[in-house]
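Listed here are the chains, written in short residue letters.
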Amino acid sequence: MMHAFTDCTARAVLLPRDDVDTDQIIPARFLTTTVRSGLGRALFADWRTLPDAPAESRFALDDPGVQGAQILVAGRNFGCGSSREHAPWALTDWGFRVVIGASFADIFRNNAHKNGLLTVALHEEGLATLHRLLRETPRAAVTVSLREQYVTVGARFRANFTIDPFARRCLFDGVDELGYLLARAPAIAAFEARGAWTTGAAA
Amino acid sequence: MSTARPRTMFEKVWEAHVVERGTSGAPDVLYVDLHLVHEVTSPQAFTLLAERGLPVRRPDRTLATMDHSTPTWISGTPMPVIDGAAATQLGALEANCARHNIPLHGMGDAQRGIVHVIGPELGRTQPGMTIVCGDSHTSTHGAFGALAFGIGTSEVGHVLATQCLLQQRPRTMAVTVNGALPAGVTAKDLILAIIARIGVAGGTGHVIEYRGEAIRALDMAGRMTVCNMSIEGGARAGMIAPDETTFAYLVGRPGAPQGAAWEAAVASWRTLPSDAGARFDREIVIEAETLAPMITWGTTPAMGIPIDAPIPDPTATDGAQHARAIAYMGLTPGQRLLGQRVQTVFIGSCTNSRMEDLRAAATVLRGQRVASGTRLLVVPGSQQVKVAAEREGLADVFRAAGAEWRESGCSMCIAMNGDRGAAGEYIVSTSNRNFEGRQGKGARTLLASPLTAAATAVAGVITDPRSLTPSTFTAHAA
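Residues numbered from 1 in each chain as written. Chains lettered and ligands numbered in written order. Predicted model: local features only at pLDDT ≥ 70, side-chain atom pairs only at ≥ 80, totals over all residues. Heavy atoms only, no water.

Undergrad: Residues and numbers for the overall build of chain A, please.
TA: Assigned secondary structure in chain A consists of 7 helices and 7 strands. Reading the helices (α) and strands (β) of chain A from amino to carboxyl end gives β-α-β-α-β-α-β-α-β-β-β-α-α-α. Overall, chain A is about 65 × 40 × 25 Å in size when its C-alpha atoms are taken along their principal axes. Burial status across chain A gives 57% buried among its 203 residues. Expressed as a percentage of contacts within chain A between residues at least 6 apart in sequence, the contacts between residues at least 24 apart total 66%. Carbon and sulfur atoms make up 51% of the accessible area of chain A, which amounts to about 8,300 Å² in all. The positive charge centre, built from 22 side chains, and the negative charge centre, built from 22, are 3 Å apart in chain A. (Helix = DSSP H or I, 4+ residues; strand = E, 2+ residues; numbered from the N terminus. Buried < 20%, exposed > 50% of the residue type's maximum accessible area, 1.4 Å probe, protein only. Contact = heavy atoms within 4.5 Å. Areas by Shrake-Rupley, 256 points an atom, 1.4 Å probe, with all protein chains shown as cover. Lys, Arg positive; Asp, Glu negative; His and termini not counted. Charge placed at Lys NZ, Arg CZ, Asp CG, Glu CD.)

Here's what the structure looks like:
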């Protein structure tokens, strides 16, 4: 089941693009799987380059220095497009534990949190500063604290963030949402017994 | 009673489905009336159930089909499924549905089709319902006044096991479309114009209600096209109030209530539309008369322009993204798309694969030939649409024009089933996403209406459907 999110200090990968859609995160041809593991190899498959590509055209994940990175730093509206949970599965399988951006698509954010992948929405100015800092110092260690809701880079950068309190609690305590719902079985049965809210079941 | 606060349609549907209200910031427990399932986003959810030894709570509220990874090019049996993984996935759905007594429209079933085509077609999609599916285009079903949205695979597991979801209540947004759409301008053009206006994240966190004269004038296929693409503007759901058009579509369908139950259902559905004075968190107004056929030039659905307009220059804020899109598409700012050579035209997908869409395409293609050097795929949304189109003579029109007439499925919209474009190809597509590589690695997608797609297939270059004789599309002004 889901592991609790602990605060994280690690190298970050900078992907300074807006509207990164789920077809980029994991192209549809990888969706014929019936398991959730092993999708890191498909992460950003169509954007990957060879490790010996010239630095200016090399994709961020193909930089040999990104081994051990756990934080992806993107732009606005990360994860737009489809509902495929394969997107967070691919990100976590690769090793990411946090995505920082200016905003996230709704379904992606929900899917990410259900897999212990924290999404951090920073205000645009703070994010621009973080982008600049990572351009200058690509190997800088970034700290993300869910406990205290901040992102820091040493003493050089600090930005606070807000997060839906329930999502925070689920991430923090590793709350099993299915267990939470299963515990509501009596209320669900009572709702069904009322029966008058709508039609819909097959005859 | 008379002093009740005016409520939006969304609020009425939401409140009727709250099993338990969340306290101190927790989400509501929301009951799901209909859960649609397909092969791609369900196997890991069934695995979760198996691991925990859980049954499916309401197989009677669950309906499964195969559409995403299924081949559409059937030359014999057994089905030439694209590869072993896809075959395994289809087999997993079959086994999971059999184990849990879930009705499945599998390969060879006369009612199989794209999940968002068959739900309405079978009458299972009804006003006032909550409908979910592991697919972002579940928003389609909002055309009936249902609250319908896409969910991830973990949530598919939650609904299978409990028929409920934990959901924070979204905000509301009204998109009012006044007046009448001009001839040659369709529901597809309208939604592309709305997305161009609000942006690809403009609806994030919101449920959109589409309203106004131009929406009321749409048939159900057109309403489904509009609601389908709500997600491309960031909104998880789009809704249209049910009316006589909705009831006329549903009456007599196998999943719809019958007899006295039908009358009671219609009476209750009539109470769904937003009350006068109901407040939305955001409101947008669009004048239908100002709209033209739309086409996308870039790599998000919001990068759309009137078909005869130049590709815009970058703005102060979208420079890098604009440049990336332009480079990927092999186009230049200021260029006009009319006359641009096209290698493939795709008519299909959950956005535009219903009878009304095929009829619109056939009006253009009747007695014409697809241009040499261009290929046209016409992929019906369901096996029932396929049979109906063959009976009505539409398939003959497509075949005589030189188009490939296929079995139903998602086909080239998602390009994970054997149907795809080649790198560098220009594809005019009636589908919903023009993301990089969506229709094949390196393939370049331009989203448009079935009328524009058909006109383009005949000319071999991007063509304004209004340049055809007006009588061609008077029947399809909606």
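From this point, the narrative continues.
Undergrad: Outline the domain arrangement of chain A, listing residues and values.
TA: Each domain of chain A was delimited in the assignment, giving domain 1 (7–163) and domain 2 (175–203). Placing the centre of domain 1 of chain A and that of domain 2 of chain A at their C-alpha centroids yields a distance of 36 Å. (Domains from an automatic or database assignment.)

Undergrad: Can you tell me about the pairing of strand E4 (residues 118–121) of chain A, naming the residues and giving the values?
TA: Successive residues of a regular strand alternate their side chains across the two faces of the sheet. All names here are of chain A. Note that strand E3 (residues 98–101) and E4 share 4 bridges and pair parallel. Bridge pairing links Gly 101 to Ala 121 in E4. Once you follow E3 into helix H3 (residues 106–114) and on to E4, the crossover reads as right-handed. (Pairing = 2+ DSSP bridges. Right-handed = clockwise from strand over helix to strand, strands pointing away.)

Undergrad: So what about the sheet that holds strand E1 (residues 18–20) of chain B? Which residues, and what values?
TA: Strand order across the open sheet formed by 3 strands is E1-E2-E8 (chain B), with antiparallel pairing between neighbours. Each of the sheet's edge strands pairs with one partner strand only, and the pair in question is E1 and strand E8 (164–167) of chain B. Across this sheet, the average inter-strand angle for adjacent strands is 40°, counted without regard to direction. When strand E2 (residues 28–31) of chain B meets E8(B), the two strands line up antiparallel, connected through 4 bridges. Opposite Leu30(B), over in E8(B), you have Leu165(B) as the bridge partner. This element, helix H7 (residues 185–194) of chain A, spans E1, E2 and E8 of chain B of the sheet and lies at about 145° to E1(B). Where helix H1 (residues 9–16) of chain B meets the sheet, it contacts E1, E2 and E8 of chain B, and its direction lies at approximately 40° from that of E1(B). (Axes fitted to C-alpha atoms, helices over the stretch in contact; angles between N-to-C directions.)

Undergrad: Please provide a residue-by-residue account of the packing of aromatic side chains, values included.
TA: All names here are of chain A. Under the counting rule described, the total for this entry stands at 14 aromatic pairs over all chains. Taken together, a centroid distance of 4.6 Å and an interplanar angle of 20° make the contact between Trp 94 and Phe 96 stacked. Using a relative accessible area of 22% as the deciding quantity, one classes Trp 94 as partly exposed. An aromatic cluster is defined as three or more aromatic residues linked by ring pairs; in this entry it consists of Phe 44, Trp 47 and Phe 59. Taking NZ or CZ as reference, Arg 168 lies 5.1 Å from the ring centre of Phe 172, over its face. (Phe/Tyr/Trp six-rings, centres within 6.5 Å; stacked < 30°, edge-to-face > 60°. Lys NZ or Arg CZ within 6 Å of the ring centre and 35° of its normal.)

Undergrad: Just give me the short version of the pairing of E2(B), but keep the residues and values in it.
TA: Residues and elements named next belong to chain B. The alternating pattern of E2 places Asp 28 and Leu 30 and Val 29 and Tyr 31 on opposite faces, both of which are buried. Two elements, E1 and E2, share 2 bridges in a ladder whose sense is antiparallel. Each bridged residue has a counterpart across the sheet, and for Glu 20 the counterpart in E2 is Val 29.

Undergrad: Let's hear about the environment of Glu192(A): which residues, and what values?
TA: One can find Glu192(A) in helix H7. Within polar-contact distance, the side chain of Glu192(A) engages the side chain of Tyr31(B) at 2.4 Å. Here the side chain of Glu192(A) touches Arg58(B) through a polar contact of 3.0 Å, side chain to side chain. (Polar contact = N/O pair within 3.5 Å; in protein donor to acceptor, adjacent residues only side chain to side chain.)

Undergrad: Account for the interface of chain B and chain A, with residues named and values stated.
TA: Listed as interface residues are 69 residues of chain B and, on the opposing side, 56 residues of chain A. Between chain B and chain A, roughly 5,200 Å² of surface is buried when both sides are summed, and carbon and sulfur atoms account for 57% of that area. When residues of chain B are sorted by the area they lose upon contact with chain A, Gln44(B), Arg52(B) and Leu166(B) head the list and together hold 12% of the total. Between Glu192(A) and Arg58(B) there is a salt bridge whose closest N-O contact spans 3.0 Å. Joining chain B to chain A, the criterion identifies 21 residue pairs in polar contact (both at pLDDT 80 or more). Listed by contribution, the elements that provide at least two residues to the side of chain B that touches chain A are E1, E2, helix H2 (43–52), helix H3 (84–100), helix H5 (153–162), E8 and helix H11 (319–329) of chain B. Sort the elements by how many residues they give to the side of chain B that touches chain A and H5(B) lands first, with 7 residues. (Buried area = accessible area lost by both parts, 1.4 Å probe. Salt bridge = Lys/Arg side-chain N within 4 Å of Asp/Glu carboxyl O.)

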